[in-house]
Amino acid sequence: MTSIGTGYDLSNSVFSPDGRNFQVEYAVKAVENGATSIGIKCSDGVVFAVEKLITSKLLVPRKNVKIQTIDRHVGCVYSGIIPDGRYLVNKGREEASSFKSLYSRPIPVPSLADRMGQYVAAHTLYNSVRPFGITAIFGGIDSDGPHLYMLEPSGTCWGYKGAATGKGRQTAKAELEKILDKETELTTEEAIKQAAKVIYMAHEDNKDKDFELEISWCSLEGTKGLHKFVTGQQLEDAIEFAKKETSVADFNDSDDDEDDNNDANVSSDDEAVDRDGDINIE
Amino acid sequence: MAGLSFDNYQRNQFLTSKNSAQPKATSTGTTIVGVKFEGGVLIAADTRSTQGPIVADKNCAKLHRISPRIWCAGAGTAADTEAVTALIGSNIELHSLSTRRQPRVVTALQMLKQHLFEYQGHIGAYLIVAGVDPTGPHLMSVQAHGSTDVGYYLSLGSGSLAAMAVLESRWREGLTKDEAVSLAADAIEAGIWNDLGSGSNVDVCVMEVGKDAAYLRNYRTPNVREPKQQSYKFARGTTAVLKESIINVCDIEEQEVEIQA
Amino acid sequence: MNGIQVDINHLKKGEVSLGTSIMAVTFKDGVILGADSRTTTGAYIANRVTDKLTRVHDKIWCCRSGSAADTQAVADIVQYHLDLYTSNYGTPSTETAASIFKTICYENKDGLSAGIIVAGFDDKTKKGEVFSIPLGGSVHKQDYAIAGSGSAFIYGYCDKNYKHDMSKDETVNFMKHSLSQAIKWDGSSGGVIRMVVLTKEGVERLVFYPDEYENL
């Protein structure tokens, strides 16, 4: 990179002569190597999905949940440095909570997006902090309907119909464009299946690594506007659909094979996420 | 326990009953009024200033200028009414300069009430604020704790009851300027005659729409003192000069210098 | 404990108080706020034509009781919050306004004597709402609310005579009778009866003079 040796990449609060902030660009690099995350906006809600690479065989399956809930009606998924994401979500929760305590109503999603965007942008302005090493996709349903936003390390926060980030974003974006190009808008029920498919296809280039699939949704009918995880039969169906569509049938996907870690599968006695998709606090 | 501690209350009661009287809080007597009339507003005040039972100043000024066309009559603690009107007057001028607009009465009132509320009544200023601005003539009052009232005629101070009696009986809608001035002056006089804390003269300030404010200092002087029958002034030369000497404390030099045109 | 328990909500010396009769009533087309107009300093009536019905947003108003200074300051702060809220998020709900009132009244309960009724008309739901926020800073959503020193005398009357979904004329009449009784029996209430009607049509102000409401 041209910045090497110039010194302009050492500080957040210093521009390079051609007007770039290298620290932010490095943060984007961190995101580009992260796991693929996507979000889809539908007529009746939003759907989030993320690819969870199995980095160790010792990890407990389905225990390490990636998608988070910012407020009861807002979900968030991100790619990049995971702890940065958890920190940002925590900030989002504080904003949502303070809004509700003052105004006695849930925070509108665009206002939450604005506040989180400002917070991330502030981390590109000061020498004493580093930018967030994540791109977050978040959204939900409020009194104005569904919203979906993607927030980048620079603080850019734009609204999308479909958003993808992480390693497989190119494939994912291409697929999302095909899915969302149609005349009729998608329903969340359909989008769950499509989201699974997109994650499976984005994983194609990374076939040698095992992964788990995590999906969550906010739906007017399906979740009464709340953010919940997709579990049980609904998740199995989505995975089934994804596999068929991506013709990755060569994966060994027998559910009764205990040693099988090749793909995402679901068990009904899930501990971290219960059947309603609520997260249990231990 | 929440709130203030009253642990010493009984002790103080005991001490009071024994001998030493409790320290007296100083309060100042005053009569001030404000009256709206057709095309403007005016304020008036008496000119007595007291310290306990003593008249401290027989002709003090209780009408304060906040801006050229917003004036204020003050009752309560004299130091506080002067300080708070000077402060808000200063801030109003800066605000007017930075916004390039004529100052408004509501602005002055809002600044006063927020300042007084912040001090929870410890600034003992009771003011009648009046003036003309681009939105018309206005008459309002503010109490030490920060509450405000709006009215066509107002009175404040220890003589306010006497003054209000006059205003209540004679005020009507559509008074002319002259009628309003004499009504206000009569109201102040009611205070001067019937309230121990008020006295001496009547000051008036008339603010008409589109005109400069007219400050009528000592508009009425019903308490002019009779001239003394004998004068304590001694004519020049009463004291004899026994000797005179002039000492030069420095040398004086004179020099003529031509100045080039 | 040595000493004397003193009500911390007692007014400071010389403070202007709204010894008051206030109420707000929901009806078929919205909500009506009502109040007497007396402001007192001790035994002296400092203002006989006070306006205790204060606007904090276009169609969210409040009735103030307690200290005049405190309630005016609180209403000013709430108005500021709602202005800011409007530019950020659009028209606020009455519940949101009540929530801001509550936050201020609750967090400063040691320093304030303010009993406030918040009432508003929601243009989206076409409904009037009333929230009562008494001294401690609690919030009570009610069909109608009465407060102030004069309210003590009309609990029974209001309970017997309030009906759901009254017409505007019925409601005005009900409030006129209620406040008339409150004023009659409470020495700290008096003057004129002021009302503010909040409906989809907008805001309407009403005044009733003693010769009318005293001879109902």
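Residues numbered from 1 in each chain as written. Chains lettered and ligands numbered in written order. Predicted model: local features only at pLDDT ≥ 70, side-chain atom pairs only at ≥ 80, totals over all residues. Heavy atoms only, no water.

Turning to the overall build of chain A, a few remarks are in order. Helix and strand content of chain A: six helices and 10 strands. Counting only residues that meet the buried cut, chain A has 50% of its 282 residues in that class. Summed over its atoms, the accessible surface of chain A is roughly 13700 Å², and 49% of this surface lies on carbon and sulfur atoms. (Helix = DSSP H or I, 4+ residues; strand = E, 2+ residues; numbered from the N terminus. Buried < 20%, exposed > 50% of the residue type's maximum accessible area, 1.4 Å probe, protein only. Areas by Shrake-Rupley, 256 points an atom, 1.4 Å probe, with all protein chains shown as cover.)

Right, let's get into the overall build of chain B. Across its full length, chain B holds five helices and 12 strands. Its C-alpha atoms give chain B a radius of gyration of 25 Å, clearly above 18 Å, the size a compact globule of 261 residues would have. Sorting the 261 residues of chain B into buried and exposed places 41% on the buried side. For chain B, restricting intrachain contacts to residue pairs at least 6 apart in sequence, the fraction spanning at least 24 positions comes to 60%. As displayed, chain B offers around 16300 Å² of accessible surface, 52% of which is attributable to carbon and sulfur atoms. In chain B, 24 side chains carry a positive charge and 27 a negative one; their mean positions are 7 Å apart. (Rg over C-alpha atoms; globule rule 2.2 N^0.38 Å. Contact = heavy atoms within 4.5 Å. Lys, Arg positive; Asp, Glu negative; His and termini not counted. Charge placed at Lys NZ, Arg CZ, Asp CG, Glu CD.)

Take the interface of chain C and chain A next. As a measure of interface size, the accessible area lost when the parts come together is often cited. Across the boundary between the two partners, chain C contributes nine residues, which contact nine residues of chain A. On the chain C side of the interface with chain A, the three residues burying the most area are Tyr85, Tyr89 and Ser99 of chain C, jointly 56% of the side's total. There are zero salt bridges connecting chain C and chain A. At the level of secondary structure, the elements contributing two or more residues to the side of chain C that touches chain A comprise helix H1 (68-89) and helix H2 (94-107) of chain C. It is H2 of chain C that contributes the most residues to the side of chain C that touches chain A, six residues altogether. The residue inventory of the side of chain C that touches chain A, partitioned by class, reads three nonpolar, four polar and two charged. (Buried area = accessible area lost by both parts, 1.4 Å probe. Salt bridge = Lys/Arg side-chain N within 4 Å of Asp/Glu carboxyl O. Nonpolar A, V, L, I, M, F, W, Y, C, P; charged D, E, K, R; others polar.)

Our next topic: the nonpolar core. Judged by nonpolar contacts, the single largest core of 47 residues is most densely connected at Leu88 and Phe138 of chain A together with Phe101 and Val118 of chain C. The dominant element in this core, judged by the number of residues it contributes, is H1 of chain C, at eight residues. Sequence-distant contacts of Phe138 of chain A, that is, excluding residues within four places in its chain, are made with Phe48, Ile70, Gly75, Cys76, Ala113, Met116, His147, Leu148, Tyr149, Leu151 and Cys157 of chain A. Counting 28 residues, the second-largest nonpolar core is a separate cluster that includes Ala195, Val198, Tyr200 and Leu235 of chain A. (Core = buried A, V, L, I, M, F, W, Y, C linked by side-chain atoms within 4.5 Å.)

The subject of this paragraph is the arrangement of the chains. Once contacts are tallied for each of the two pairs of chains in contact, the highest total is for chains B and C. In this assembly chain A lies apart from chain B, the nearest approach of their C-alpha atoms being 23 Å.

So, on to empty space enclosed by the protein. Taking a probe equal in size to a water molecule and rolling it over the atoms shows the remaining empty space. For the coordinates displayed, the defined rule picks out one cavity of 30 Å³ or more. As a volume, the largest cavity reaches approximately 40 Å³. Every residue lining the largest cavity is listed: Gln143, Ser147, Thr148 and Asp149 of chain B together with Val16, Leu18, Thr39, Thr50, Arg64, Ala68 and Gln72 of chain C. Those elements that place two or more of their residues in the lining of the largest cavity are strand E9 (148-150) of chain B together with H1 of chain C. (1 Å grid on protein atoms, 1.4 Å probe; cavity = no way out; pocket = protein on both sides within 12 Å on 5 of 7 lines; lining within 4 Å. Points joined across faces, edges and corners; volume = space filled by probe spheres on them.)

This part covers the pairing of strand E3 (residues 68-71) of chain A. Across a regular strand the side chains alternate sides, sitting on one face of the sheet and then on the other. Residues and elements named next belong to chain A. Looking at chain direction, E3 and strand E4 (residues 74-80) are connected through three bridges and run antiparallel. The residue of E4 that forms the bridge with Gln68 is Cys76. Connecting E3 to the antiparallel partner E4 that follows it, the hairpin turn spans two residues. (Pairing = 2+ DSSP bridges.)

Further remarks concern the sheet that holds strand E12 (residues 193-199) of chain C. All names here are of chain C. Spatially, E11-E2-E3-E12-E13 is the arrangement adopted by the five strands of the open sheet, whose pairing is antiparallel. Both outer strands of the open sheet, strand E11 (144-147) and strand E13 (202-208), are each paired with one neighbouring strand and no more. Ignoring which end each strand starts from, the neighbouring axes of this sheet average 15° apart. Pairing of E12 with E13 involves seven bridges; the strand directions are antiparallel. Bridge pairing in E13 links Val196 to Arg205. Across the face of the sheet, helix H4 (residues 168-185) comes into contact with strand E2 (22-27), strand E3 (30-35), E12 and E13 while running at roughly 160° to E2. (Axes fitted to C-alpha atoms, helices over the stretch in contact; angles between N-to-C directions.)

This part takes up the packing of aromatic side chains. Two descriptors summarise a pair of aromatic rings, namely the distance from one centre to the other and the angle between the planes of the rings. A complete count under the given rule lists 19 aromatic pairs over all chains for this structure. With a centroid separation of 4.9 Å and an interplanar angle of 85°, the aromatic rings of Phe99 of chain A and Tyr89 of chain C are classed as edge-to-face. Here Phe99 of chain A, found in helix H2 (residues 82-103), pairs with Tyr89 of chain C, found in helix H1, and the two come from separate chains. Classification of Phe99 of chain A by relative accessible area gives buried; the value is 1%. (Phe/Tyr/Trp six-rings, centres within 6.5 Å; stacked < 30°, edge-to-face > 60°.)

Right, let's get into the UniProt feature "active site" (unreviewed entry) in chain B. All names here are of chain B. When the UniProt feature table is mapped onto this chain numbering, "active site" (unreviewed entry) sits at Thr30. Mapped onto the elements, Thr30 comes out in the loop between helix H1 (9-18) and strand E1 (32-37). Residues in contact with Thr30, not counting those within four places in the same chain, are Asp46, Lys62, Gly74, Ala75, Leu156, Gly157, Ser158, Gly159, Asp195, Gly197 and Ser198. (UniProt positions renumbered as here; feature names shortened; annotations may be inferred.)

Turning to its location among the elements, Thr85 of chain B is positioned in helix H2 (residues 78-99). When neighbours within four sequence positions are excluded, Thr85 of chain B is seen to be in contact with His64, Ile66, Cys72 and Leu127 of chain B.

Let's shift gears to the confidence of the model for chain A. Put simply, chain A has an average pLDDT of 87, and 86% of its residues get 70 or more. This stretch, residues 248-271 of chain A, has a pLDDT under 50; its non-local contacts, to residues over four places away or in other chains, come to 43 contacts. (pLDDT = per-residue confidence, 0-100.)

With that settled, the discussion passes to the UniProt feature "domain: Proteasome alpha-type subunits" (unreviewed entry) in chain A. Under the present numbering, the feature "domain: Proteasome alpha-type subunits" (unreviewed entry) in UniProt falls on residues 8-30 of chain A. Regarding residues 8-30 of chain A, the helix share stands at 39% and the strand share at 0%, and the terminal C-alpha atoms are separated by 19 Å.

Attention now goes to helix H3 (residues 105-118) of chain B. Helix length check: H3 of chain B, at 14 residues, gives a terminal C-alpha distance of 20 Å against a target of 20 Å (1.5 Å per residue), a fit within 8%. Within H3 of chain B, the full set of buried residues consists of Val105, Ala108, Leu109, Leu112, Lys113, His115, Leu116 and Phe117 of chain B. (Expected span 1.5 Å × (residues − 1).)

On to the environment of Val142 of chain B, then. All names here are of chain B. Inspection of the secondary structure puts Val142 in strand E8 (residues 136-142). Judged by its relative accessible area of 0%, Val142 is buried. Considering only alpha carbons, one finds Val142 and Ala125, 17 residues apart in sequence, at a separation of 8.2 Å. Those residues in contact with Val142 that lie beyond four places of it in its chain are Leu109, Leu112, Lys113, Leu116, Ala125, Tyr126, Leu127, Val129, Ser147, Thr148 and Leu156.

Residue and element names in this part refer to chain C. Bridge analysis of strand E4 (residues 39-41) against strand E5 (residues 44-47) gives three bridges, and the strand direction is antiparallel. Note that in E5 the partner of Thr39 across the bridge is Asn47. What sits between E4 and E5 in their antiparallel hairpin is a turn of two residues, with Gly42 showing a positive phi close to 65°.

Another point: the UniProt feature "domain: Proteasome beta subunit C-terminal" (unreviewed entry) in chain B. The UniProt record annotates "domain: Proteasome beta subunit C-terminal" (unreviewed entry) at residues 222-257 of chain B. The span residues 222-257 of chain B shows a helical share of 0% and a strand share of 0%, and its end C-alpha atoms are spaced 61 Å apart.

Residues and elements named next belong to chain A. Reading across the sheet, the five strands line up as E3-E4-E5-E6-E7 and stay open at both edges, with antiparallel pairing between neighbours. The strands lining the two open edges of the sheet, one partner per strand, are E3 and strand E7 (157-159). When the angles between neighbouring strand axes are averaged without regard to direction, this sheet yields 25°. Where E4 lies against strand E5 (residues 134-142), seven bridges are found, and the strand directions are antiparallel. Among the inter-strand pairings, Gly80 is bridged to a residue of E5, identified as Ile134. The strands that helix H3 (residues 109-122) touches are E3, E4, E5, strand E6 (145-151) and E7; relative to E6, the one it contacts most, it runs at about 10°.

The next thing to look at is the pattern of salt bridges. All names here are of chain A. Using the criterion set out here, one finds 32 salt bridges over all chains in the structure. The salt bridge partner of Arg20 is Asp18, with a shortest N-O separation of 3.6 Å. Judged by its relative accessible area of 24%, Arg20 is partly exposed. A residue is classified by how much of its surface remains accessible, and Asp18, at 53% relative accessible area, is exposed.

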